[in-house]
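Overview (structure and organization)
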Amino acid sequence: MASASYHISNLLEKMTSSDKDFRFMATNDLMTELQKDSIKLDDDSERKVVRMILKLLEDKNGEVQNLAVKCLGPLVSKVKEYQVETIVDTLCTNMLSDKEQLRDISSIGLKTVIGELPPASSGSALAASVCKKITGRLTSAIAKQEDVSVQLEALDIMADMLCRYSLLVNFHPSILSCLLPQLTSPRLAVRKRTIMALGHLVMSCGNLVFIDLIEHLLTELGRNDNMSTTRTYIQCTAAISRQAGHRIGEYLEKIIPLVVKFCNVDDDELREYCIQAFESFVRRCPKEVYPHVPTVISICLRYLTYDPNYNFDDEDEDDNAMDAEQNDEDYQDEIMTMTICSWKVRRAAAKCLDAVVSTRHEMLPEFYRSVSPALVCRFKEREENVKADVFHAYLSLLKQTRPAQSWLADPDAMEQGDTPLTMLQSQVPMIVKALHKQLKEKSVKTRQCCFNMLTELVNVLPGALTQHIPVLIPGIIFSLNDKSSSSNLKIDALACLYVIMVTHPAHAFHAHVPALVPPVVACVGDPFYKITSEALLVTQQLVKVIRPLDSQSEGSESFDPSPYINDLFTCTIKRLKAADIDQEVKERAISCMGQIIFSHMTSAADNEITRLTTVKALTLIAGSPLKIDLRPVLPDAVPILASFLRKNQRALKLCTLAALDILLRNYSSAVTPVMVDAVLAELPPLISESDMHVSQMALSFLSTLAVTHPSSLGQLSGGNILQQLIALVRSPLLQGGALAAMLDFYQALVSTDTPGLGYMDLLRMLTGPVYSQSAALPHKQAYCSIAKCVAALTRACPTEGPAVVGQFIQDVKNSRSTDSIRLLALLSLGEVGHHVDLSSQPELKTVILDAFSSSSEEVKSAASYALGSIAVGNLPEYLPFVLQEISSSKRQYLLLHSLKEIISSASVSGLKPYVESVWTLLLKHCECQEEGTRNVVAECLGKLTLIDPETLLPRLKGYLLSGSSYARSSVVTAVKFTISDQPQPIDPLLKNCIGDFLKTLEDPDLNVRRVALVTFNSAAHNKPSLIRELLDSVLPQLYNETKVRKELIREVEMGPFKHTVDDGLDLRKAAFECMYTLLDSCLDRLDIFTFLNHVEDGLKDHYDIKMLTFLMLARLSSLCPSAVLQRLDRLVEPLRATCTTKVKANSVKQEFEKQDELKRSAMRAVVALLTIPEAEKSPLMSEFQSQISSNQELAAIFDSIQRDSSSANMESMDTS
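Residues numbered from 1 in each chain as written. Predicted model: local features only at pLDDT ≥ 70, side-chain atom pairs only at ≥ 80, totals over all residues. Heavy atoms only, no water.

1. Let's talk about the overall build of the chain
- Of the regular secondary structure elements, the chain holds 59 helices and 2 strands.
- Counting every position in the chain, which comprises 1216 residues, the buried fraction comes to 53%.
- Expressed as a percentage of contacts within the chain between residues at least 6 apart in sequence, the contacts between residues at least 24 apart total 73%.
- As displayed, the chain has an accessible area near 54,100 Å², and 51% of this comes from carbon and sulfur atoms. (Helix = DSSP H or I, 4+ residues; strand = E, 2+ residues; numbered from the N terminus. Buried < 20%, exposed > 50% of the residue type's maximum accessible area, 1.4 Å probe, protein only. Contact = heavy atoms within 4.5 Å. Areas by Shrake-Rupley, 256 points an atom, 1.4 Å probe, with all protein chains shown as cover.)

Written out as structure tokens, the structure reads:
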């Protein structure tokens, strides 16, 4: 520390030198010292350094002054608070100096100091005390109008301070009264900076200050004393809306009529500001502006064509009219001024239409009727900046049309008349006609806009340009050949060409191939790697156009590709051989070459960077219907591919296994045993539960190997691969595609008759551990997987079946069998019986029914499944038996599960004769008091309805009138099981009557309302098109169920304690779950502000509901940030209450755990809210942040969640 002080005192001495270079170097060295984290100054050194830096601000040399200002930044964080106040005092005094240079440098210094102050959320009070000290000085400087430059600097600093800190709440009234008079300043620059400062003020000011400001603006606009100040007040209103749209919304009813009135005043500048204000209202106050949107659209459409001095209709008329000389110079100036202003009005109108189109998805049909034709007509706009905005507005319209396809996932969508897509389809010829001229414009910007438009158009409507290809191709070629084209333009042109070729039939391009090939080949040879990369992508698609692999492709036989292949091959191979090219270019060159022909694969495969792309290209060639002969390269290629299986790169393993599989299928005669052995040696580590997809691909390869090279499987016996397979069968994770691949492999393996791998050998390997009674398998899924493998083997070897089935029956009967053996035997009987008729086994029915009496729940469940699955194999024999047993037996729950298995798995044609008898039986049990039984009955009813929906759905609907609440709940639950995420024949019928089922949301019975909500949730999640049109009537009932009802809360005495029970909790939970689902599937149909009211209530509800609403809040922060911002102050309070609640010291451990989880969830919601721009400007949020920072526990949770969310964002970026 002493040495540091000594070094600094030396520097301070040099700063007093008369030599400016000495002063400069010493100041530079001081800045270097101050930037070190390790430096610590004593009080005396602090005082001397501060005094010297402030003195150097008045140095005669400008460079020394600049360095002194830069020193202020690091100095603020190194000295004590009172020294910072000294610095600020001096800078404020210097700002009012007569010397212009000192004023300027002091202003920069103040901005530097403000920028370096620690944020309020860090818990430091320094920023607050400094800002309060500066505020008084700044307001007095702003109020003095003698020196405009001082005013401007003071306004700048004030805006900067208001933007960074929301600590000046007490000063806001005085700041407002100081700023308002500046809106009428004779200097426009002062007005402009005042508007900026007011914009930052409204983000954090109190409600009273905000009301004063708005009332002042409304009064002044109403008076309209002076056109110049009216323009300023309109600009100010727009700025307030941009910065605090969530606050100005309630005043729009008064503001908008005034703005509409001023649009009609003959003042172009005022019109521009008015339309800009509309744009701001549309973007920032979506709910409040809604009634005025038609007015805004009509004003924008009127001024989109506002060009008083240019008549497009007269462009082709006789030029003689232009020869008349204009001698009146004043008139010429007036015309010029009008022209200068009129294009700004048109640009503002285009931008405002862009805002309307981007924010009002529900008005798409109206936009295509009125806005779309108007925008297309303005593609001819003569002012380039305006034209770019017109194109951007149309691009927004197209982007809005695209999500409609997924949201309106409705099979009847195209039959509903004028949908946005059909209206766009009808306007395509008009759009192409308008773009045709623009594609050959000199302006690079215009052509880029055209290509972006075409790209988006074919993304929204694939194939829409088929008839217009001859018109568009010349325009694309023009930009590729034009020497004045920029790199970005060529990239956009190539990207557009690629998308058009991908989304349109090949024959549409055949006539244009001779013209397309030369410019594309030239672009492949371009020195800029991005152009080359894009051109290679086009080349790859061009090869598919020239020689479609689909033999049915129209016109492919009549087109001769041979003249063009050589050019494409030559340009691609040149890029492939180059060693010094970009990675992206190399990858695309390999892909392209894979599309053309196999070559140079081995060398590319040796390169670590290009391996993956090379393997993909090889897969493409090996699977090509062109039957390219790869036999010469297999001896080199297969060992290299085998070596890739031990690499760490997962994508490389998957692609390599796919390549090996297709090589085996298509070139089995050329694959030698040596090659196969090389691959088999690498397989054992790949067959593991740690990566099921890789395991699935490895199993698929082995299945193919069993078909093409059965002799190679002999080495599996006793080897590592078989051990890994057996271990995988026992894994609880084996299911889906991996399980299907496993079953295929066992069937292929047993069919090869390999010694040591016969039916009985494999059966012993699979079932041995269970029968050896060494240990029970850890998970029931393992028994299910083994049973499925046993059934697969038995299907492949039907002669072995009866003996094995007989043995399983004996195992179930044997009283000495363990529960594990019985479980496996029953599941195996079920799986075998599903595919093989077991009616020849006389004791089977009795044995299974006896198993229903087992003491083990798992054995009973397996017996139930087995009976249902065996019945599928012979319905006439077993289904009547099951129905008879349900009617007479007391074990109805298990038998109903058997019936559910039959209905779920049997064929529709097999079940149809029994539908009536099954239906009648189920209805007898739908009023059962046991909820579990009712749920099974409901699932059976739902799945049975899918068999004959025309007859059964109306019957189901009829039971809604039943007097039994149990029957009504069963019927509504049954509807849930008729809904799936795939199209089904029942969908149109269900759409017509689901409203009747959802009327049970008004049922007097709590349980019926709860299951109605569950069914509604299922529909919203799986098939939103069923309920979208009903939301207007359903949402009020849904929201009604989110309220806490006191009459449903009761107290239960448990010994000496009283326990509160809320019978409405499950109902509220179901309602909030529905709300969460609607955010994903029907967001455009929700009134977000009404939605937020109920989310706000949920934040104060029970633990389970709080957890749900925290998730909703995080979701809403990304989906509707502006709406959430409007309600932010009301949302912060319940979050703060959750985070600061303390559990009683004598509470049980679970209470502490629940509260910790609540805090973490609430903090995740806070982190999500802070991602909304301007959220931290809210005084309540800022105060809450300070509270979090000052609390060690909350700060730790907050930091860990922020780290988690940032790492998750990085991962999503990596995988995208």
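2. Considerations on the layout of surface pockets
- The computed volume of the largest pocket comes to approximately 850 Å³.
- Of the residues in the lining of the largest pocket, the class split is 11 nonpolar, 5 polar and 11 charged. (1 Å grid on protein atoms, 1.4 Å probe; cavity = no way out; pocket = protein on both sides within 12 Å on 5 of 7 lines; lining within 4 Å. Points joined across faces, edges and corners; volume = space filled by probe spheres on them. Nonpolar A, V, L, I, M, F, W, Y, C, P; charged D, E, K, R; others polar.)

3. Observations regarding the pairing of strand S2 (residues 1057-1062)
- Relative to S2, strand S1 (residues 1049-1054) runs antiparallel, the two being bridged by 6 bridges. When the bridges of S2 are listed, valine 1052 appears paired with histidine 1059.
- The hairpin formed by S1 and S2 contains 2 residues between the paired strands, and glycine 1055 there has a positive phi angle of roughly 65°. (Pairing = 2+ DSSP bridges.)

4. As for empty space enclosed by the protein
- Applying the stated rule across the entire model yields 7 cavities of 30 Å³ or more.
- Its boundaries defined by the atoms lining it, the second largest cavity holds a volume of some 70 Å³.
- Residue lining of the second largest cavity: Val638, Leu660, Leu663, Leu664, Val671, Met675, Val676, Val679 and Phe701, and that is the complete set.
- Looking at the lining of the second largest cavity, the elements that each hand over two or more residues are helix H31 (650-666) and helix H32 (673-680).
- The class makeup of the residues in the lining of the second largest cavity is 9 nonpolar, no polar and no charged.

5. Points about the environment of leucine 743
- Note on placement: leucine 743 falls in helix H35 (residues 736-750).
- For leucine 743, a relative accessible area of 16% translates into the label buried.
- In the structure, leucine 743 is positioned 44 residues away from leucine 699 in sequence and 9.3 Å away in space, judged by C-alpha atoms.
- When residues no more than four places from it in sequence are discounted, the contact partners of leucine 743 are Lys788, Cys789 and Ala792.

6. Regarding helix H37 (residues 780-796)
- For H37, built from 17 residues, the straight-helix expectation of 24 Å at 1.5 Å per residue is met to within 8% by its first-to-last C-alpha distance of 25 Å.
- Looking at the buried positions of H37, the neighbouring elements they touch are helix H34 (720-729), H35, helix H36 (759-771), helix H38 (801-813) and helix H39 (819-835). (Expected span 1.5 Å × (residues − 1).)

7. Notes on the confidence of the model for the chain
- Residue-level pLDDT values for the chain average 80, and 88% of them are 70 or greater.
- Least confident of the elements in the chain is helix H28 (residues 601-606), whose mean pLDDT is 45; most confident is helix H16 (residues 293-304), at 92.
- In this model, residues 314-339 is a region of pLDDT below 50 whose contacts with residues beyond four sequence positions or in other chains number 9 contacts.
- With pLDDT under 50 throughout, residues 594-605 is counted as low confidence; its partners more than four residues away or in other chains account for 39 contacts. (pLDDT = per-residue confidence, 0-100.)

8. Notes on the packing of helix H45 (residues 915-925) against helix H46 (residues 931-945)
- Contact geometry for H45 and H46: axes closest at 10 Å, N-to-C directions at 150°. Classified by the interaxial angle, the pair formed by H45 and H46 is roughly antiparallel. The handedness of the crossing between H45 and H46 is left-handed. For the pair H45 and H46, the contacting residues are Val915, Val918, Trp919, Leu922, Leu923 and His925 in the first and Val937, Cys940, Leu941, Leu944 and Thr945 in the second.
- The residue makeup of the contact of H45 with H46, split by class, is 9 nonpolar, 2 polar and no charged. (Axes fitted to C-alpha atoms, helices over the stretch in contact; angles between N-to-C directions. Parallel < 35°, antiparallel > 145°, perpendicular 65-115°, else oblique. Left-handed = near helix turned anticlockwise from the far one by under 90°.)

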